[in-house]
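Architecture at a glance
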Amino acid sequence: MRRVALAAWGLALVGLLLVGSAAIWLPRGWLPDVTMLVAVALGLHVPGAAGLVTAWAVGGTADLLSGGPLGQHALLDLGAWLLTRAGMQRVDLARAVVLVPFVVALSTLHLLGQWALVGVPELGRDMLAIAIPRATANAAAALAVRRLFAVLLGRVDPDESGPAALRIDAAAGLR
Amino acid sequence: MLRALIERLRVPLLLLLLIALALLAIASDRRALARGDRESSWLRGILLEVAAPVQKALTAPVDGTRNAWSHYVALRGVRNENDRLRERLAQLEEENLQFREALVEGGRLRTIAEMRRDVEVPMRPAQVVGMDVSPWFHSVLVDRGRSDGVHAGMPVVTEDGVVGVVTATSPNAARTLLLLDAQSSLDGIVQRSRARGIVRGTGADTLEFEFFVRGDDVQVGDLVITSGFGGVHPKGSRIGEVIEVHADPTAFEHRAILRPAVDFGRLEQVFVLLWRGPTLDLLYQGEGDQPAPGVGGAEPASKPAPASATVPEPAKPAS
């Protein structure tokens, strides 16, 4: 599970560096919230203390790479992980048709949570001009991140469910 | 029995601990920012050190293409612009001559020359290699750090005006909180009327200027510059132009909206002023983040360089 946690953190770090670079050329809000999506993927695949700590660490990394107050992403991504775990009890988040609206709703909650915690962004029309494309970008990227995460999980931990794990099981069956 | 209980409570206890740690970090970081001594932790330093070269490599190809295109487009209009600039230069030379004449007549030229020597500080050019990972915060990553004499609390400018202030450094990178960020504020004055107030970032593309009412002393089109009182930015740097004035006759404090002097959407190269105001310098002393030699204190530098001059590149070690 440690390798899974480390791989998830690595995925988040690479995503953050890409977002930080691409933000120079793209309008604000057009890029997804990488750490929130990784926290959702962690919620889908990594339960218990390992998932909890990794989601917090992934958010903490975003805090260290951002100009915002330390701790806010850590707390919000922890919330994303918890809500994903809770959501899994009620709906099938593995299905794209469920995951996409869930991520949009989570993006809204994330925004409100941030506003409640640090007072940023100021709620209003300017905020919507960034929040709407951001929620859309999150929804579009959620499926890709989930898929990437499943592949990564299968590679680093064959015991977990993932394409690689399925391949190993199938091979064992043939033998 | 006890072991089973601990095992059952492990995740909830861990959750509470992580929430408490995050809340504590938020509270302490906000307090540090209010005090102005938000220097980087070693962990943030390591991440900046990793992020800067990677992001520089990622941005280089697109920057190259964009620059090549803009140079081509710029070349097409260069003749017209050249004529226009020659005309403008002639006008300014004439104006300059008139001002000098007036100053000499007033006997103030020497005083002003001495004053300029006091406020001029060396600066270090830096390239913007990354933006904030969150669209709600305005900060940039630049490719200069402590090894170049860049430290937290130092002002960052361009030729157009104030950009922001360095908030975190590593040996070869620094994070700069932009003026637009909602956490930013600085003391400003209206150049024309000398009306003084606080300029705050709004988190959007404009700035807010809160000033005390003293007649009709802030108008649309006025230029707001740094007052030098905040202890971070030297006096006289451009902040922005007034585009709206919200005057409430019942209030003592009025509000104006400013368009920043710097185009933050096209921030590529900036200059870090190798100087920290006396207040910030006192805060950092004894915390292992001493300013570069000859930098900081009430006197910006013992032998100040001209404002237009930049510090030469440090000698590269022989490979």
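For the structure itself, consult the block above.
The structure reproduced in this document is the subject of the present report. (Residues numbered from 1 in each chain as written. Chains lettered and ligands numbered in written order. Predicted model: local features only at pLDDT ≥ 70, side-chain atom pairs only at ≥ 80, totals over all residues.)

Right, let's talk about the overall build of chain B for a bit. Helix and strand counts for chain B stand at five helices and twelve strands. Counting every position in chain B, which comprises 319 residues, the buried fraction comes to 37%. Counting only contacts in chain B whose residues sit at least 6 apart along the sequence, the fraction spanning at least 24 positions is 60%. (Helix = DSSP H or I, 4+ residues; strand = E, 2+ residues; numbered from the N terminus. Buried ≥ 20, exposed ≤ 12 C-beta atoms within 10 Å, placed from the backbone. Contact = placed C-beta atoms within 7 Å.)

All right, on to the overall build of chain A then. For chain A, the count of helices and strands is seven helices and zero strands. Listed by position from the N terminus, the elements making up chain A come as α-α-α-α-α-α-α. Looking at chain A residue by residue over its 175 residues, the buried ones come to 50%. Summarising the internal contacts of chain A: among those between residues at least 6 apart in sequence, 63% fall at separations of at least 24.

What follows concerns the packing of helix H2 (residues 34–45) of chain A against helix H3 (residues 48–65) of chain A. All names here are of chain A. Remark: H2 packs on H3, axes separated minimally by 9 Å, with the N-to-C direction vectors making an angle of 175°. For the element pair H2 / H3, the angle class is roughly antiparallel. Only Gly51, Thr54, Ala55, Val58, Gly59 and Ala62 of H3 make contact with H2, whose side of the interface consists of Thr35, Val38, Ala39, Leu42 and Gly43. Tallied by class, the residues present in the contact of H2 with H3 amount to six nonpolar, five polar and no charged. (Axes fitted to C-alpha atoms, helices over the stretch in contact; angles between N-to-C directions. Parallel < 35°, antiparallel > 145°, perpendicular 65-115°, else oblique. Nonpolar A, V, L, I, M, F, W, Y, C, P; charged D, E, K, R; others polar.)

The next point concerns the interface of chain A and chain B. Listed per partner, the contact involves 39 residues of chain A and 39 residues of chain B. Mapped by element, the contributors of at least two residues to the side of chain A that touches chain B are helix H1 (2–22), H3, helix H4 (72–90), helix H5 (96–118) and helix H6 (125–156) of chain A. Considering each element in turn, the side of chain A that touches chain B owes the most residues, nine residues, to H3(A). Its residues assigned to classes, the side of chain A that touches chain B comprises 24 nonpolar, eleven polar and four charged.

What follows is about the sheet that holds strand S5 (residues 173–178) of chain B. Residues and elements named next belong to chain B. Reading around the barrel, the six strands line up as S1-S2-S5-S4-S3-S12 and close back on themselves, with antiparallel pairing between neighbours. Geometrically, the sheet is characterised by an average inter-axis angle of 45° between neighbouring strands, direction not taken into account. Where strand S2 (residues 139–142) lies against S5, four bridges are found, and the strand directions are antiparallel. Counted as the bridge partner of Leu141 is Arg175 from S5. (Pairing = 2+ DSSP bridges.)

All names here are of chain B. Pairing between strand S6 (residues 185–190) and strand S7 (residues 196–201): five bridges, direction antiparallel. Residue pairing in the sheet places Ser185 in a bridge with Arg200 of S7. Here S6 pairs with strand S9 (residues 223–226) via three bridges, running antiparallel. Paired with Ile189 across the bridge in S9 is Ile225.

Residues and elements named next belong to chain B. With antiparallel pairing, six strands are arranged side by side around a closed barrel as S6-S7-S8-S11-S10-S9. Adjacent strand axes in the sheet meet at a mean angle of 40° when their direction is disregarded. In the sheet, strand S10 (residues 238–246) pairs with strand S11 (residues 253–260) via six bridges, with the strands oriented antiparallel. In the strand pairing of S11, Glu241 is matched with Arg259.

Here the focus is H5(A). The periodicity of an α-helix, 3.6 residues per turn, causes residues three or four places apart in sequence to face the same way. Residue and element names in this part refer to chain A. Over its 23 residues, H5 extends 32 Å from the first C-alpha to the last, a length consistent with the 33 Å expected when each residue adds 1.5 Å. Burial in H5 covers these residues: Leu99, Phe102, Val103, Leu106, Ser107, His110, Leu111 and Gln114. Looking one or two places after H5, you find Gly119, whose phi comes out positive at around 75°. (Expected span 1.5 Å × (residues − 1).)

Right, let's get into the pairing of strand S3 (residues 155–158) of chain B. Residue and element names in this part refer to chain B. Two strands pair when backbone bridges link them, and S3 and strand S4 (residues 161–170) are joined in this way by four bridges, in the antiparallel orientation. Residue pairing in the sheet places Thr158 in a bridge with Gly161 of S4. Where S3 meets strand S12 (residues 269–273), two bridges bridge the pair, whose relative direction is antiparallel. Along S12, the bridge assignment pairs Val157 with Phe271.

What follows covers unusual backbone geometry. For B:Arg194, which is not glycine, the phi torsion reads 65° and is therefore positive. For B:Arg194, the location among the structural elements is in the loop between S6 and S7.

Below, the discussion takes up the nonpolar core. One finds A:Val38, A:Val40, B:Val270 and B:Val272 to be the most contacted residues of the largest nonpolar core, which totals 108 residues. Not counting the four nearest positions on each side in its chain, A:Val38 is found in contact with A:Ala8, A:Leu11, A:Ala12, A:Val58 and A:Val145. (Core = buried A, V, L, I, M, F, W, Y, C linked by C-beta atoms within 7 Å.)

Take the environment of A:Arg146 next. All names here are of chain A. In this structure, Arg146 sits in helix H6. Between the C-alpha atom of Arg146 and that of Val40, which follows or precedes it by 106 residues, the distance is 8.1 Å. Among residues more than four places away in sequence, those in contact with Arg146 are Ala41, Leu44 and Leu99.

Mapping B:Asp132 onto the fold places it in the loop between strand S1 (123–131) and S2. For B:Asp132 and B:Ser170, which are 38 residues apart along the polypeptide, the C-alpha to C-alpha distance reads 16 Å. If we ignore the near neighbours within four places in the chain, the residues touching B:Asp132 are A:Ala23, A:Ser66, A:Gly67, B:Phe137, B:His138 and B:Ser139.

Packed helix pairs are specified by the crossing angle of their axes together with the interaxial distance, meaning the distance between the axes. Residue and element names in this part refer to chain A. Where H1 meets H2, the axes come as close as 9 Å, and the angle between the chain directions of the two elements is 160°. One finds that H1 runs roughly antiparallel with respect to H2. For the pair H1 and H2, the sense of crossing is right-handed. In contact with Ala8, Leu11, Ala12, Gly15, Leu16 and Val19 of H1, H2 contributes Val34, Thr35, Val38 and Leu42. Of the residues contributing to the contact of H1 with H2, the split by class is eight nonpolar, two polar and no charged. (Left-handed = near helix turned anticlockwise from the far one by under 90°.)

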